[in-house]
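Results of the structural survey
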Amino acid sequence: MIEIKNLSKRFGQNVVLDHLNLTIQKGDVLGVIGSSGTGKSTLLRCMNYLEKPEEGSITVGDVTVDARHHSSRDCIRLRQKTAMVFQNFGLFHRKTALENVMEGLVIVRKLPKEEAAGIAREELAKVGLADRMDYYPSQLSGGQQQRVAIARALAMQPELLLFDEPTSALDPELVGEVLETIKKAVDEGNTMIIVSHEMEFIRRISNRIIMLDGGAVIEDGTPEQVFNHPTSNRAKEFFRRMMISQGAEYYI
Ligand SMILES: Nc1ncnc2c1ncn2[C@@H]1O[C@H](COP(=O)(O)OP(=O)(O)OP(=O)(O)O)[C@@H](O)[C@H]1O
Ligand SMILES: [Mg+2]
């Protein structure tokens, strides 16, 4: 189980997360939506302590990290239980696709190189890149780079996968292949939190949606509940604007 208790994060005077609480079950696919600047990325970054909250605790499986008293060892353990896929792929540019996927397996999981290479080949094949393993990021399309990043995350067998706008840096024609790869990871039963502006996609793959606003969760329910019957005025306004920019089919 994954539990966020009383999580608060501010930047200077700007309170981004305000005593936020959230429990996620194993196998859940949680879609996070909300206007720009409402703390979606900050929430994901706090989940693996890329960003340190001022208050609150985060539990992933058998590791709990409390902002007020935690050891660096606990932070490292928390990081090992999560894997994040970023908007801009975050690959090592001097390493091939295969080496990128191997990196964490060798450095963090301490696997022998041969074994790491075997797992990396399998994961890359699963995301459709069997013929691109020896390519460098600069020789790959954006969609291919993001699929390498997803293979790298999946290779670590994390208890929690975090996706932060995984398709928003891609040309429109490359979005589909990445969404398909994420869908596969969903079908394999991975627990994940995904932030995306792809409303139709997030609605289809998530079993639960939350909307952030004012540092808190203002909507929480099934996609049907949140998209079709939002309760708060903020959410209704969000969907109204979304409908104008993305087309009406997402909000019926
Ligand atoms: N490193 C930082 N230093 C100072 N302020 C920050 C930092 N990171 C984020 N913020 C602020 O925190 C708030 C939340 O930012 P965050 O990136 O989490 O929003 P978001 O919901 O992911 O937005 P978007 O949809 O545009 O990606 C914003 O007001 C932002 O300016
Ligand atoms: Mg963001």
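Placed above this text is the structure.
Residues numbered from 1 in each chain as written. Chains lettered and ligands numbered in written order. Predicted model: local features only at pLDDT ≥ 70, side-chain atom pairs only at ≥ 80, totals over all residues.

Relative to the elements of secondary structure, Glu122 occurs in helix 4 (residues 113-126). With 52 residues separating them in the primary sequence, Glu122 and Leu174 have C-alpha atoms 22 Å apart. (Helix = DSSP H or I, 4+ residues; strand = E, 2+ residues; numbered from the N terminus.)

With that settled, consider the site of ligand 1. Taken together, Phe11, Asn14, Val16, Gly34, Ser36, Gly37, Thr38, Gly39, Lys40, Ser41 and Thr42 are the residues near ligand 1. Counting residues per element, the ones that place at least two in the shell around ligand 1 are strand 2 (14-24) and helix 1 (40-47). Looking at the shell around ligand 1 element by element, the count peaks at three residues for helix 1. For the shell around ligand 1, a count of residues per class yields two nonpolar, eight polar and one charged. (Near = placed C-beta within 6 Å. Nonpolar A, V, L, I, M, F, W, Y, C, P; charged D, E, K, R; others polar.)

Moving on: helix 5 (residues 142-155). With 14 residues, helix 5 extends 20 Å from end C-alpha to end C-alpha; this agrees with the ideal 20 Å at 1.5 Å per step. Downstream of helix 5 by a residue or two, Gln157 has a phi angle that is positive, lying close to 45°. (Expected span 1.5 Å × (residues − 1).)

Turning our eyes to something else, we now look at the pairing of strand 7 (residues 160-164). Of all five residues that make up strand 7, five are buried, and the element is covered over most of its length. Where burial is concerned, the two faces of strand 7 agree: the one with Leu160, Leu162 and Asp164 and the one with Leu161 and Phe163 are both buried. Both strand 7 and strand 8 (residues 192-195) contribute to a ladder of four bridges, which runs parallel. Directly across from Asp164, in strand 8, lies its bridge partner Val195. For the crossover that starts at strand 7, traverses helix 6 (residues 172-187) and ends in the parallel strand 8, the hand is right-handed. (Buried ≥ 20, exposed ≤ 12 C-beta atoms within 10 Å, placed from the backbone. Pairing = 2+ DSSP bridges. Right-handed = clockwise from strand over helix to strand, strands pointing away.)

Now for the nonpolar core. The biggest cluster of nonpolar side chains holds 69 residues, and the ones touching the most others in it are Val32, Val101, Ile150 and Ala151. When near neighbours in sequence (up to four residues on either side) are disregarded, Ala151 contacts Val101, Glu123, Leu124, Lys126, Val127 and Leu129. (Core = buried A, V, L, I, M, F, W, Y, C linked by C-beta atoms within 7 Å. Contact = placed C-beta atoms within 7 Å.)

On to the environment of Ala155, then. Positionally, Ala155 belongs in helix 5. Since 24 C-beta atoms lie within 10 Å of it, Ala155 is described here as buried. Along the chain, Ala155 and Met102 lie 53 residues apart, while their C-alpha atoms are 8.2 Å from each other. Excluding residues within four positions of it along the chain, Ala155 makes contact with Val101, Gly104, Leu105, Ile119, Ala120 and Glu123.

Okay, the sheet that holds strand 7 next. Strand order across the open sheet formed by six strands is 6-7-8-3-9-10, with mixed pairing between neighbours. Lying at the two open borders of the sheet, with one neighbouring strand each, are strand 6 (82-85) and strand 10 (216-221). Strand-to-strand twist of the sheet, defined as the mean angle between neighbouring strand axes without regard to direction, takes the value 20°. Where strand 6 lies against strand 7, four bridges are found, and the strand directions are parallel. Paired with Ala83 across the bridge in strand 7 is Leu161. (Axes fitted to C-alpha atoms, helices over the stretch in contact; angles between N-to-C directions.)

What follows deals with the sheet that holds strand 1 (residues 2-11). What the four strands build is an open sheet, ordered 2-1-4-5; its pairing is antiparallel. On the outer flanks of this sheet lie strand 2 and strand 5 (63-66), each paired with one strand and no other. Here the strands of the sheet are splayed against their neighbours by 20° on average, with no regard to which way each runs. Here seven bridges tie strand 1 to strand 2, and the two strands are oriented antiparallel to one another. Each residue of the ladder has a partner; that of Phe11, found in strand 2, is Asn14.

The end-to-end C-alpha separation of helix 4 is 20 Å, in line with the 20 Å expected for 14 residues at 1.5 Å each. Taken residue by residue, helix 4 has Ala116, Ala120, Glu123 and Leu124 as its buried positions. The buried residues of helix 4 occupy an angular sector of 95° when the element is viewed end-on, so they sit on one face. Elements in contact with the buried residues of helix 4: helix 3 (97-107) and helix 5. Remark: Gly128 follows helix 4 within two positions and exhibits a positive phi of approximately 80°. (Arc of directions from axis to C-beta.)

So, about unusual backbone geometry. Unlike most non-glycine residues, Tyr49 shows phi in positive territory, near 60°. Here Tyr49 lies in the loop between helix 1 and strand 4 (55-60). Positive phi, normally seen in glycine, also occurs at Glu165, with a value near 50°. Its location among the elements puts Glu165 in the loop between strand 7 and helix 6. Judged by the 19 C-beta atoms lying within 10 Å of it, Glu165 falls in the partly exposed class.

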